[in-house]
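# A closer look at the structure
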2 protein chains.
Amino acid sequence: MTARARSYWGWGWADRFPDAAALRALAERVRPFFANAALEPRAAPPGDEVRLPAPRIEVPAALAAFCTSDRDARLAHTYGKSYRDQVRGLRGDFAAAPDLVALPGNEDQIAAVLEWCGARKVAAIPFGGGTSVVGGVEAAVGARYAGALSLDLRGLDRVLEVDPVSRAARIQAGAAGPVLEAQLAAHGFTLRHFPQSFEFSTLGGWIATRAGGHYATLYTHIDDLVESTRMLTPRGVLETRRLPASGAGPNPDRLVLGSEGALGVITEAWMRVTPRPRFRAGASVTFADFAAAVAAAREVAQSGLHPSNCRLLDATEALINGVSADGSAILLLAFESADHALDAWMARALGIARAHGGDCPRGPVVEEESAAAPAEGLSGGWRQAFLEAPYLQSAMISLGMLVDTFETACTWQRFDELHAAILEAVTAALRNACGGGIVSTRFTHVYPDGPAPYYTFLAAARPGAELEQWAQVKKAAADAILAHGGTITHHHGVGRVHRPWYDRERPDAFAAALRAAKSALDPDGILNPGVLVDLR
Amino acid sequence: MTARARSYWGWGWADRFPDAAALRALAERVRPFFANAALEPRAAPPGDEVRLPAPRIEVPAALAAFCTSDRDARLAHTYGKSYRDQVRGLRGDFAAAPDLVALPGNEDQIAAVLEWCGARKVAAIPFGGGTSVVGGVEAAVGARYAGALSLDLRGLDRVLEVDPVSRAARIQAGAAGPVLEAQLAAHGFTLRHFPQSFEFSTLGGWIATRAGGHYATLYTHIDDLVESTRMLTPRGVLETRRLPASGAGPNPDRLVLGSEGALGVITEAWMRVTPRPRFRAGASVTFADFAAAVAAAREVAQSGLHPSNCRLLDATEALINGVSADGSAILLLAFESADHALDAWMARALGIARAHGGDCPRGPVVEEESAAAPAEGLSGGWRQAFLEAPYLQSAMISLGMLVDTFETACTWQRFDELHAAILEAVTAALRNACGGGIVSTRFTHVYPDGPAPYYTFLAAARPGAELEQWAQVKKAAADAILAHGGTITHHHGVGRVHRPWYDRERPDAFAAALRAAKSALDPDGILNPGVLVDLR
């Protein structure tokens, strides 16, 4: 069997990258907004022409059964999928390639990797789907290490056990979204965690980065779906007890969640699963005024209705997504349940939206699944576009566009100020760096005490200057977020890109505690160095 | 103003302890169930006749403004309110009294206490409402310390700030339940965290012990209501950013939650608050069969309806609580909202209960608050009895009864086995230790993946042997919990009583990380020694 190939520089399956005609069509769609853009397709050099530094270390005999210094493997494990990563990939710059790639098939092999890396002072970088947009899997570990090994968990991709009574499943950390969903579906369950990277990202990556998922309220992060975890550290296994809840000291799972490969290698977890929803209700509400739409989203978030979707698109976002072109903001509301019809829930949420001036002339769409009519239509289109977006980003990058996203969260009280500051800072930075650009906003998740705003920026990049232009805009955005009460990341993670701002956001006393915890679990500091915290 | 006096040995206000006639009446109610019980009221020695060891240290000049070695203060800070504590108090055994009691009025004074304790190797034991039932505030710190200081936070009891837009309030840690609720009510808000200790326990104590509260589903623990925390450690302040959510590394608040005074002194927190509920719906459903009631509770917990109450009482519990005397189990269901009427929610929950054989002949009670009729009637009676229970326990103890509770949580799949094992172990231990006794069960909280069962046991104690009898039953219960997949505590905390089982439940690698974190924040090990983890 020949495995379907993933692009070594851009998003997703290589065979899904648009051909020349499709790229030209995309360029014509984009051109009206960016008069100064060349929009000339650039191709990445063929993978076998990319220059790779020679590995600094040889494959050790002890790991030879599942470890390689093969150039394709090293190429595929050099970067995640951030804008920076893709630009460097397009340029054929793979100077940061790991020396070795390990593909263990079981925990003993992972333990052997950690032991060998510890003894040889080789950095071990856990690698799930390789979809990090924050430099979380990058092998640039510096001269303190004898080399870097990318530890790819894809060999651990099974649903090992399902407990239908408690509605939980024991899943290996290397299972990607569709892989674990297919196995759960055979038992009548679904995890319902659909980050934008769903097609490739893995359970272990979600847990390590506290990924944000499908639900716009309530169970927004993977954190909320974790029942217990199992993590291999250089100092032994950290496995927590399967419990629906406990009050026994600080929650151990919460140290694993967000550990970003710096404390251990997550190998499996018991996850809370649900039956597939049978009932769905959805509505798209139009607001002439963004502030009114924000107020509606806030009231819904504070209502206790817990919609599965409560995504707010500003006018630019609505335009880009082809949802509305008249300057309206759009609030997407949806409920889903495996248990009960949702008429009362939807009616009240729409009532709130309308009281804030929202318009939903056709009313909500309500569906009940039957054997004859699986209820996928309602959310299917939105979800498909959502999962396609990263492919579109890669295509835009290949056309020379600067295109990236960032996200945060803040209290409702802070939002107006934070939002204005971000728009001002990013607009100014785009003007300075690129001669202008576009910024759009949506809420991906909302909470009783605040929203998680998500920003997309677009501009024409200058060939050869992309990384400096990007860095200028990124710094403006991140500085504004930190200065106005936001968090440097709601669900993208910290990695190497967000580290300077994370260090400012994180309380110093917590940094001291985290550093001490890392010393205890990873005394040689081999695990994903540069991420989260440094040993002294 | 003379402060209303709290009992120095038993629960609550001294003036609320039943008089001789009321105790006789209680004895007559209890006697039919315990043929071998003497039920002779015992009185605690007058407080001023209790013998206290001389303080090992003098009040230092630096802390003299808010620190005392006064005997009444030392008496009041010797114990929490566990069965063991109350028996020792009744006996006049206060050998473990702290040497000093500090009542700081601000953070500078707390920092001064920590500095002085560190320099003099004096243990500092944070003290909120003094309601621990697990030895969490006990000053038996051993000879490694020059003495022990009880650090009472009651001087920090204000709501400092309210953010009505984000629905959050900044509250000082020493505020007890009624104190903070009264201040929030002035702003139209409520925290809605009502543990059984509500009348005396404090926000800081709730956070330090991950207290369980009012909501039977969803927001079950104080953890879920915390927006940010502020904790003074010997190595500086740990203050987290106000955020509705974040994905930036392991969540710092989750290290503070459950820290039980061993990592720092919590001084304030931003808490998520809500308007007072306007709509309520409640129902009491009778089941002839406990297993059917469990199945109904499980289906409701997995339905996504999120009732505020979903408490299941077994037949014995229903009998003791005077809810039912015919051997039925009772499922109490309730919903509440400040936003919407709850008919659809309640109808579906009742539908589930009835499908499992539940009987609710009169149907649900639905209320909407108006100015003329505040909606308190429905839950008021249940809540009052709930908050009275600790007074009843003290009265029973004074009659020579062995009476205590313990709780756990487990997956639904494990429940039958765990429950049977607990009943068997506790029944056998009560027989061996006391010649027999009663065990009752309720679910205090339920989750999609499992319940939190709560057990009460009652027996006639042998005067002078109470602590040994209790220890025998407690060990049987805790061993059964650990052996059958439960947690040693769902919401009572770890303290000194649960420590041996906590050490078995907690992953060793997490213990190493926690010990390292404590070393970083409390290098001299002065904070609540014996609790959670020991420095090497």
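The notes below deal with the structure included here. Every value quoted in this text rests on a predicted model; they were computed, and no experiment measured them.

## Observations concerning the overall build of chain A
Looking only at helices and strands, one finds 15 helices and 18 strands in chain A. By the compact-globule yardstick of 24 Å for 536 residues, chain A fits well, its C-alpha radius of gyration being 23 Å. Each principal axis of the C-alpha atoms in chain A carries an extent, and together these give about 70 × 60 × 50 Å. The 536 residues of chain A split such that 62% are buried. Pairs at least 24 apart in sequence give 73% of the contacts found in chain A among residues at least 6 apart. Surface exposure of chain A reaches about 18,900 Å², of which carbon and sulfur atoms provide 53%. Averaged over its 52 positive side-chain charges, chain A has a centre that lies 3 Å from the centre of its 58 negative ones.

## Quick look at the pairing of strand 13 (residues 309-313) of chain B
All names here are of chain B. In terms of burial, strand 13 is largely enclosed, as five of its five residues are buried. Burial along strand 13 is two-sided: Asn309, Arg311 and Leu313 and Cys310 and Leu312, pointing in opposite directions, are all buried. Examined bridge by bridge, strand 13 and strand 14 (residues 329-337) share five bridges and lie antiparallel to one another. Looking at strand 14, one finds that Leu312 is bridged to Leu331. Pairing geometry for strand 13 and strand 17 (residues 438-447), over two bridges, is antiparallel. Among the inter-strand pairings, Leu312 is bridged to a residue of strand 17, identified as Phe443.

## Some remarks on the pattern of salt bridges
Residue and element names in this part refer to chain A. Under the criterion given, the structure shown has 62 salt bridges over all chains. Among the ionic pairs, Glu369 bridges to Arg276, the shortest N-O distance being 3.0 Å. Within this pair, whereas Glu369 is found in the loop between strand 15 (365-368) and helix 11 (377-398), its partner Arg276 is found in the loop between strand 11 (274-275) and strand 12 (279-287), the two being separated by 93 residues in sequence. With relative accessibility at 15%, the residue Glu369 sits in the buried group. Residue Arg276 is classed as partly exposed on the basis of its relative accessible area of 35%. With a closest N to O distance of 2.5 Å, Lys475 and Asp479 form a salt bridge. Note that Lys475 and Asp479 are positioned in helix 13 (residues 466-483) at a spacing of four residues, about one turn of the helix. Each of Arg499, Asp503, Arg506 and Asp534 takes part in one network of salt bridges that share partners.

## Description of the pairing of strand 5 (residues 159-163) of chain B
Residue and element names in this part refer to chain B. Judged from the four bridges that link them, strand 5 and strand 6 (residues 168-172) form a sheet pairing that is antiparallel. Its bridge partner lying in strand 6, Asp163 is registered against Ala168. The hairpin formed by strand 5 and strand 6 contains four residues between the paired strands, and Arg167 there has a positive phi angle of roughly 55°.

## Observations regarding the environment of B:Pro195
All names here are of chain B. Its location among the elements puts Pro195 in the loop between strand 7 (189-190) and helix 6 (203-209). Here the alpha-carbon distance between Pro195 and Ala211, two residues 16 residues apart in the chain, equals 7.1 Å. Not counting the four nearest positions on each side in its chain, Pro195 is found in contact with Ser201, Trp206, Gly212, Gly213, Phe386 and Leu387.

## Examining the interface of chain B and chain A
Taken residue by residue, the interface counts 79 residues in chain B and 79 residues in chain A. Buried surface at the junction of chain B and chain A, both sides included, amounts to about 6,300 Å², of which 60% is carbon and sulfur. A per-residue breakdown of the area chain B buries against chain A is headed by B:Arg241, B:Pro250 and B:Asp449, which together make up 11% of the total. In this structure, the salt-bridge partner of A:Arg272 is B:Asp449, at a minimum N-O distance of 2.7 Å. Along the contact surface separating chain B from chain A lie 30 residue pairs in polar contact (both at pLDDT 80 or more). At nine residues, helix 15 (residues 508-521) of chain B tops the list of elements feeding residues into the side of chain B that touches chain A. A breakdown of the residues in the side of chain B that touches chain A according to their chemical character gives 39 nonpolar, 25 polar and 15 charged.

Cut-offs and rules
- Here the residue index of a chain counts from 1 through its sequence in written order.
- Whichever chain is written first becomes A and whichever ligand is written first becomes 1, with later ones labelled in order.
- Only residues with pLDDT of at least 70 are given local features in this predicted model, and only at 80 or more are side-chain atom pairs given and counted; all residues enter the totals for whole chains, interfaces and linings.
- Only hydrogens and water are set aside when side-chain values are computed; all heavy atoms of the structure are taken into account.
- A run of H or I in DSSP counts as a helix once it spans at least four residues, and a run of E counts as a strand once it spans at least two, with each numbered from the N terminus.
- This radius of gyration counts C-alpha atoms alone. The globule rule is 2.2 Å times how many residues there are, raised to the power 0.38.
- Relative accessible area decides the class of each residue, using a 1.4 Å probe on protein chains only: under 20% of the type maximum gives buried, over 50% gives exposed, and in between gives partly exposed.
- By the convention used here, residues are in contact when the closest approach between their heavy atoms is within 4.5 Å.
- For accessible areas, the Shrake-Rupley method is used with a probe of radius 1.4 Å. Any residue's cover is judged against the shown protein chains and nothing else.
- Just so you know, the count uses Lys and Arg for positive and Asp and Glu for negative, and it drops His and the chain ends.
- Where a charge lies is defined by one atom per residue type: Lys uses NZ, Arg uses CZ, Asp uses CG and Glu uses CD.
- At least two DSSP bridges between two strands are needed for those strands to be called paired.
- When a carboxyl oxygen of Asp or Glu lies within 4 Å of a side-chain nitrogen of Lys or Arg, that pair is called a salt bridge.
- Note on terms: buried area is the combined drop in 1.4 Å-probe accessible area of two parts once they are placed together, counting the loss on both.
- Polar contacts, as counted here, are pairs of nitrogen or oxygen atoms within 3.5 Å of one another; within protein the pair requires one atom able to donate a hydrogen and one able to accept it, and residues that are adjacent in sequence qualify only if both atoms are side-chain atoms.
- As a working rule, the residues Ala, Val, Leu, Ile, Met, Phe, Trp, Tyr, Cys and Pro are called nonpolar, Asp, Glu, Lys and Arg charged, and the rest polar, with Gly in that last group.

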